Amino acid sequence: MDTPVDLTSGPLPAVSSRALNTFTIVEFSASSAISMAAFIYGLALVYVQPRVWHSPIVRIVIVAQLINSLRFVFRLIAIFTDIDADFGCRVLIFLNNVFSILPVNLCIYCVVYLQMVIIHKVSPQKRWPRIVILSLGTAVSVIPTSWFLFWPAHRVNAKSFCHLPRVMDHKNYHFLIATVLIWSYLPGFIGMFSILCIAMHIIRTRRNTRQVMQESNAAYGPSRGMRRPARDSVLHRTIVNIIWFPIVPIISLWFNAVLISVIYYKRRTYMWLEYINVVFLGLQSIFLAAALAVNPIARSAAAEYWHKRQQQKYALLETEAARTISSFGPPPVHSRGMVGESEIECDL
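Nothing here was measured: the structure is a model prediction, and the numbers come from that model. (Residues numbered from 1 in each chain as written. Predicted model: local features only at pLDDT ≥ 70, side-chain atom pairs only at ≥ 80, totals over all residues. Heavy atoms only, no water.)

Let us now look at the overall build of the chain. On a plain count of helices and strands, the chain comes out with 11 helices and 4 strands. Across the 348 residues in the chain, those meeting the buried criterion constitute 43%. Expressed as a percentage of contacts within the chain between residues at least 6 apart in sequence, the contacts between residues at least 24 apart total 80%. Accessible surface for the chain amounts to roughly 19,300 Å². Of this, 66% is attributable to carbon and sulfur atoms. (Helix = DSSP H or I, 4+ residues; strand = E, 2+ residues; numbered from the N terminus. Buried < 20%, exposed > 50% of the residue type's maximum accessible area, 1.4 Å probe, protein only. Contact = heavy atoms within 4.5 Å. Areas by Shrake-Rupley, 256 points an atom, 1.4 Å probe, with all protein chains shown as cover.)

Set out below in structure tokens:
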């Protein structure tokens, strides 16, 4: 049985129902609003603190917010779009897959770039490493799913890409593995591997520093200038700042890929899994917004701007208070000089 193409539940067409579409509209509208709010917040930080834009990671995270918001807007439009032309459905699926995977690969770009800077000592001033990593991330987002544009429909046992089989056969499933499933799992594995490498590097360098300090204390006595670093402060701060990047593909894409495999092997659909899939896809906006909120540069810029605003507010209040006091004029003068409060009370 064929079903019209439906882009509401992930990078690929899924089972369509009125209740699922209604739930998807609410979920994706909220997700799009969250990503757009995070994008506007990032632009506001750049406006008040232009130095924030100098950070490559902050730039990528802000752009990812916009792409993610447009991704949900695109899917909402796709719900209400009735396309019968085969090429139109191909373009629809292609753009849907690109908009789904590109923000994820941009997040993994941030983790890999940090690994190159921290471990491999790549200078942040060099542009070619950023260009290479960004080009690779964009390529794996566009090239694999571009097969939907020209792959013959009969190769996946379908009349056209506007009517895909509800339960996939082996040809359709293998085509999805090559074009989508592999590239859905890959970013999560790369992100977790990079975080593991960064964590091991921090632990190893911390142990080496501690050993040098102990040898120095044994040879020359304790030194005030060489204190033992916090046990896990550096590692904790680093992990908190970057753990959001690999969470995005793991939460938003892995379950969708598992759902496709479950439908293929069980030869049936599970509507309750479709609802869970929509929820996980919507969580991507929250994790992307969190990645921007916990970024040290963005956070320090926001705190600095807030502190500056508070200082301006207090200065304005002090100025108004001084003007209010001066408006009453000088205190009354007695024949013997200035009149004190006690003398005024006696006169009264």
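What follows deals with helix α4 (residues 128–142). Between its first and last C-alpha, α4 extends 21 Å over 15 residues, near the 21 Å set by a 1.5 Å rise per residue. For α4, the complete set of buried residues consists of P129, R130, I133, G137 and S141. Projected onto a plane normal to the axis of α4, the buried residues spread over an arc of 100 degrees and lie on a single side. Across α4 from its buried face, at more than 90 degrees, point the exposed residues W128, I131 and L136. (Expected span 1.5 Å × (residues − 1). Arc of directions from axis to C-beta.)

Considering the arrangement of structural elements, one finds H201 in helix α6 (residues 170–220). Judged by relative accessible area, H201 falls into the buried class, the value being 12%. Spatially, the C-alpha atom of H201 lies 9.5 Å from that of Q115, the residues being 86 residues apart in sequence. The contact partners of H201, leaving out residues within four places of it in the chain, are I118, I119 and K121.

Scanning the model with the defined rule gives 1 salt bridge in all. With a closest N to O distance of 2.8 Å, R51 and E304 form a salt bridge. Taken together, the residues span a long stretch of sequence, with R51 in the loop between α1 (18–48) and α2 (56–79) and E304 in helix α10 (residues 296–327) at a distance of 253 residues. Residue classification places E304 among the partly exposed positions, given a relative accessible area of 41%. (Salt bridge = Lys/Arg side-chain N within 4 Å of Asp/Glu carboxyl O.)

With respect to the secondary-structure elements, S285 resides in helix α9 (residues 271–293). Residue S285 is classed as buried on the basis of its relative accessible area, which comes to 0%. Among the polar contacts made by the side chain of S285, one reaches the main-chain carbonyl oxygen of S31 at a distance of 3.0 Å. Once residues within four sequence positions are removed from consideration, S285 is found in contact with S31, I34, S35, N68 and F72. (Polar contact = N/O pair within 3.5 Å; in protein donor to acceptor, adjacent residues only side chain to side chain.)

As a further point, take the packing of aromatic side chains. Going through the model one piece at a time under the given rule, you end up with 12 aromatic pairs. Ring centres 5.1 Å apart and planes at 70 degrees place the aromatic pair F148 and F175 in the edge-to-face group. Taken together, the residues F148 in helix α5 (residues 147–150) and F175 in helix α6 connect sequence positions 27 residues apart. For the pair F148 and F175, a shared accessibility class is recorded, and that class is buried. Pairing Y264 with Y265 gives two aromatic rings, centres 4.9 Å apart and planes at 75 degrees, and the pair type is edge-to-face. (Phe/Tyr/Trp six-rings, centres within 6.5 Å; stacked < 30°, edge-to-face > 60°.)

If you look at the biggest cluster of nonpolar residues, it comprises 41 residues, and the most contacted ones within it are I57, C110 and F245. Going through the elements one at a time, α1, α2, α3 (86–118), α6, α8 (244–266), α9 and α10 are the ones with two or more residues in this core. Take this core: its biggest share by element is 13 residues, from α3. In this view, C110 contacts I57, I60, V61 and F245; residues no more than four positions away in its chain are not counted. Core analysis: the next-biggest nonpolar cluster, separate from the first, contains 18 residues, F148, V156, I260 and Y264 among them. (Core = buried A, V, L, I, M, F, W, Y, C linked by side-chain atoms within 4.5 Å.)

Further remarks concern the environment of V104. Here V104 shows up in helix α3. Once you skip the residues sitting within four places of it in the chain, V104 turns out to touch P187, V248, P249, S252, L253 and Q284.

Turning next to a nonpolar patch on the surface. Taken together, the side chains of W128, V132 and L136 make up a nonpolar region of the molecular surface, amounting to roughly 340 Å² of accessible area. Its place among the elements puts V132 in helix α4. (Patch = residues over 30% accessible without salt bridge, like charges linked within 9 Å, V, L, I, M, F, W, Y side chains within 5 Å.)

What follows deals with unusual backbone geometry. Phi angles above zero are rare outside glycine, and R267 is one such case at about 60 degrees. Looking at the element boundaries, R267 is found in the loop between α8 and α9. For R267, a relative accessible area of 44% gives the class partly exposed.

A separate point is the confidence of the model for the chain. If pLDDT is low for a region, its predicted coordinates should not be looked at in detail. Averaged over every residue, the pLDDT of the chain is 75; the share at 70 or more is 77%. Looking across the chain, the model is least confident in helix α11 (residues 341–347), with a mean pLDDT of 44, and most confident in α5, with 87. Long-range and interchain partners of residues 216–231, a stretch whose pLDDT sits below 50, account for 11 contacts in this model, where long-range means more than four residues apart. A low-confidence stretch, residues 337–341 stays under pLDDT 50, and its non-local contacts, those more than four residues away or across chains, total 8 contacts. (pLDDT = per-residue confidence, 0-100.)

Moving on to the packing of α1 against α9. Close contact between α1 and α9 brings their axes to 9 Å; oriented N to C, the two are set at 5 degrees. On the basis of the axis angle, α1 is roughly parallel to α9. Listed contacts from α9 to A19, L20, F23, T24, E27, F28, S31, I34, S35, A38, Y41 and G42 of α1 are M271, E274, Y275, V278, V279, L281, G282, S285, I286, A289 and L292. Its residues assigned to classes, the contact of α1 with α9 shows 15 nonpolar, 6 polar and 2 charged. (Axes fitted to C-alpha atoms, helices over the stretch in contact; angles between N-to-C directions. Parallel < 35°, antiparallel > 145°, perpendicular 65-115°, else oblique. Nonpolar A, V, L, I, M, F, W, Y, C, P; charged D, E, K, R; others polar.)

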